[in-house]
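# Close look at the chain arrangement
Spelled out, the chains give:
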Amino acid sequence: MTINRLCLGSVFLFLFLLGSQTANSQANCSGAQIFTAPACAGDMGTADGSALFRMVNEYRAANKLPALHSSRSLNMVANRRLLDLKQNLKVLTHSWSNCAYDLKDLKTWPCVNDAPRRLNSGYQGQGYETLFRTVSGSVP
């Protein structure tokens, strides 16, 4: 179950990094609001996210793997991650604008791992991420 949720978080982060549209019913968060606002535009996912989620589960079913289940908490974390990367950091990094990450320094690893709790997402497990960048606009 934990692996499925973590994979789903990576899938949603990947989708958000592709620049999907955010929902209009929530506040447009910026700066430090990203870490404190109860709701930001995009936290609840998007139509594009739902379509990707459906395709991932279709692929998993075709390969006799169990279906993934959506997580509001991980959707929120993925969205806040995207907002922080795009608005505050403006560079692809594992650091957040409110905490630094250095692969060589174990003391900084909670910057990534504790993000769900630090953001008060309700998800009690550790967070992990897979960041992907392409300049061609397509995934091979």
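Everything below is about the structure printed above this text.
Numbering of residues starts from 1 in each chain and follows the order in which that chain's sequence is written. Owing to the predicted nature of the model, reporting of local features is limited to residues with pLDDT of at least 70; listing and counting of side-chain atom pairs is limited to 80 or more, with chain, interface and lining totals taken over all residues. Excluded from the side-chain calculation are hydrogens and water; included are all heavy atoms of the structure.

## With respect to helix 3 (residues 47-62)
Residue pairs three or four apart in sequence face the same way in an α-helix, which turns once every 3.6 residues. Strands here mean DSSP runs of E at least two residues long; helices mean DSSP runs of H or I at least four residues long; both are numbered from the N terminus. To estimate how far a helix should extend, the number of its residues minus one is multiplied by 1.5 Å. For helix 3, which comprises 16 residues, the first-to-last C-alpha distance of 23 Å matches the rise-based estimate of 22 Å (1.5 Å per residue) to within 8%. Accessibility here uses a 1.4 Å probe with only protein chains present; expressed as a share of the type maximum, an area under 20% marks a residue as buried, one over 50% as exposed, and anything in between as partly exposed. Among all positions in helix 3, only Gly49, Leu52, Phe53, Asn57 and Arg60 are buried. Projected down its long axis, helix 3 carries its buried residues within an arc of 135°, all on one side. Pointing more than 90 degrees away from the buried face of helix 3 are the exposed residues Ala47, Tyr59, Ala61 and Ala62. Positive backbone phi, at 55°, marks lysine 64, one or two positions downstream of helix 3. Note: the arc covers the axis-to-C-beta directions of the helix.

## Things to note about the state of the cysteines
Any covalent bond linking the sulfur atoms of two cysteines counts as a disulfide. Disulfides are defined in this document as cysteine sulfur pairs within 2.5 Å. Here the structure, examined in full by the defined rule, presents 2 disulfides. Two residues, cysteine 29 and cysteine 40, share a disulfide whose sulfurs are 2.0 Å apart. One disulfide, between cysteine 29 and cysteine 40, carries an S-S torsion of -100° and so falls in the left-handed class. Taken together, the residues cysteine 29 in the loop between helix 1 (2-17) and helix 2 (33-36) and cysteine 40 in the loop between helix 2 and helix 3 connect sequence positions 11 residues apart.

## Quick word on the packing of aromatic side chains
Geometry of aromatic contacts follows a simple scheme: Phe, Tyr and Trp rings, the Trp one being its six-membered ring, pair when their centres are within 6.5 Å, and the pair is stacked under 30 degrees between planes, edge-to-face over 60, tilted otherwise. All chains considered together, the criterion is met by 1 aromatic pair. For the pair phenylalanine 35 and tryptophan 96, a centre-to-centre distance of 6.1 Å together with 55° between the ring planes defines the contact as tilted. Note that phenylalanine 35 is positioned in helix 2 and tryptophan 96 in the loop between helix 4 (72-89) and helix 5 (110-113), a separation of 61 residues in sequence. There is no split in this pair, since phenylalanine 35 and tryptophan 96 are both buried. In this arrangement the basic side chain of arginine 81 is found over the ring face of tryptophan 96, its NZ or CZ atom lying 4.9 Å from the centre. To sit over a ring, a charge needs its Lys NZ or Arg CZ within 6 Å of the ring centre and within 35 degrees of the ring normal. It is arginine 118 that lies over the ring of tryptophan 96; its NZ or CZ is 5.3 Å from the centre.

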